[in-house]
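Summary of the model geometry
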Amino acid sequence: MTVEGLLEHGFSPVAMPDGSRTIDGVYIGDLLSWVMGRAQMDNAWITIMSNNNVIAVASLADTSCVILAEGVELSQDLKDLAMAKDINVLSSPKSAYEIAVTLSGLLA
Amino acid sequence: MSDALVFHFDVDGENFTSAGQASTAVKRNLRQLGLPPEIIRRVSIAMYEGEINMVIHANGGDADVIVHEDCIEIILADKGPGIKDISLAMQEGYSTAPDNIRSLGFGAGMGLPNMKRYTDSMNIETELGVGTTITMKVNLT
Ligand SMILES: Nc1ncnc2c1ncn2[C@@H]1O[C@H](COP(=O)(O)OP(=O)(O)OP(=O)(O)O)[C@@H](O)[C@H]1O
Ligand SMILES: [Mg+2]
């Protein structure tokens, strides 16, 4: 499953500099040090946090994309930052749980 | 040893929103050196945690990354308040971060444990009222 493949399943692109990246597994969390300690490279990271540290953590932890749950939005500045740092960001109106259920089906 | 590559950064303690710049720059530099992604990931996460700690808890400091032949060494030195009880600070979940920092997603008390987890060695030297120096190494072989 690629990141851009998610667009066919109800996810909206927020920043997509590298849509061909492969998604391998999922991590859900809003506390950044938990994400850095537990998320694996290439995971899709589901969160409701939307500050610039999210972009930094996604970059350093090398997740394949950030999925903003619950309709959380990113400011234009942060969209620009995501593009500059090569970080894919998508959004969904659904809860983290519902997103995880969807991804579970897609990644199976 | 003589031709070790050194990257130096001033970590600004005032500017919380730009925190992470040093780690991001290191990540880019290590990529250019062609190091394996998993090594780069470990170095940059460990360094980011330390860099954020210097900003949140110590009002900034100095970061040096030295690329040796057999390892990458990260030295983070600050003149902050020091750490009173290292073994307590190393425990997962222990944090003195204030609420405004927690609302940004920090303060889980997982930073120092992550630094230990992602590096092959980690040494903390600290003195109350004087500062803290953390030295970490990630082996290349
Ligand atoms: N450079 C430092 N100077 C002074 N105290 C520090 C320093 N680094 C860490 N500490 C102390 O150790 C505690 C634990 O640090 P740790 O990085 O594990 O957690 P945190 O920074 O509070 O939260 P998190 O890293 O999960 O966002 C801190 O809350 C702080 O009290
Ligand atoms: Mg920390």
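That block above? That's the structure.
About the criteria used
- Residues numbered from 1 in each chain as written.
- Chains lettered and ligands numbered in written order.
- Predicted model: local features only at pLDDT ≥ 70, side-chain atom pairs only at ≥ 80, totals over all residues.
- Heavy atoms only, no water.
- Helix = DSSP H or I, 4+ residues; strand = E, 2+ residues; numbered from the N terminus.
- Buried < 20%, exposed > 50% of the residue type's maximum accessible area, 1.4 Å probe, protein only.
- Contact = heavy atoms within 4.5 Å.
- Areas by Shrake-Rupley, 256 points an atom, 1.4 Å probe, with all protein chains shown as cover.
- Axes fitted to C-alpha atoms, helices over the stretch in contact; angles between N-to-C directions.
- Parallel < 35°, antiparallel > 145°, perpendicular 65-115°, else oblique.
- Left-handed = near helix turned anticlockwise from the far one by under 90°.
- Buried area = accessible area lost by both parts, 1.4 Å probe.
- Salt bridge = Lys/Arg side-chain N within 4 Å of Asp/Glu carboxyl O.
- Polar contact = N/O pair within 3.5 Å; in protein donor to acceptor, adjacent residues only side chain to side chain.
- Nonpolar A, V, L, I, M, F, W, Y, C, P; charged D, E, K, R; others polar.
- Expected span 1.5 Å × (residues − 1).
- Near = heavy atom within 4 Å.

Here we come to the overall build of chain B. Each helix and strand counted, chain B has five helices and five strands in total. Listed by position from the N terminus, the elements making up chain B come as β-α-α-β-β-α-α-α-β-β. With the C-alpha coordinates of chain B rotated into their principal frame, the extents come out at 40 × 30 × 25 Å. In chain B, which comprises 141 residues, the share counted as buried stands at 53%. Taking the intrachain contacts of chain B between residues at least 6 apart in sequence as the baseline, contacts between residues at least 24 apart amount to 63%. Total accessible area on chain B is roughly 6900 Å²; 48% of this is exposed by carbon and sulfur atoms.

What follows covers the packing of helix α2 (residues 37-58) of chain B against helix α5 (residues 111-118) of chain B. Think of two packed helices as two axes; the pair is described by the angle between the axes and how far apart they sit. Residues and elements named next belong to chain B. It is at 9 Å that the axes of α2 and α5 come closest, and there the two elements cross at 155°. Between α2 and α5, the angle is such that the two are roughly antiparallel. For α2 against α5, the interelement crossing comes out left-handed. Here α2 contributes R41, R42, I45, A46, E49, G50 and N53 to the contact with α5, which in turn contributes G111, L112, N114, M115 and Y118.

With 22 residues of chain A at the contact, the number on the chain B side is 25 residues. Together chain A and chain B conceal approximately 1900 Å² of surface at their shared face, both sides included; 52% is due to carbon and sulfur atoms. On the surface where chain A and chain B come into contact, there are one salt bridge. One salt bridge connects R38 of chain A with E92 of chain B, and the closest N-O pair in it is separated by 4.0 Å. Our count for the contact surface shared by chain A and chain B stands at 10 residue pairs in polar contact (both at pLDDT 80 or more). Residues of the side of chain A that touches chain B, tallied by class, amount to 11 nonpolar, seven polar and four charged.

Relative to the 32 Å expected for 22 residues at 1.5 Å per residue, α2 of chain B spans 30 Å between its end C-alpha atoms, a close match to the ideal helical length. N59 of chain B occupies a position one or two residues after α2 of chain B and carries a positive phi of about 60°.

Below, the discussion takes up the site of ligand 1. Around ligand 1, the surrounding shell holds 21 residues, and the nearest of these are N53, S95, T96, G107 and M110 of chain B. Chains contributing residues near ligand 1 are chains A and B. Separating an oxygen atom of ligand 1 from a backbone N or O atom of G109 of chain B is a distance of 2.8 Å. At the level of secondary structure, the elements contributing two or more residues to the shell around ligand 1 comprise α2 and α5 of chain B.

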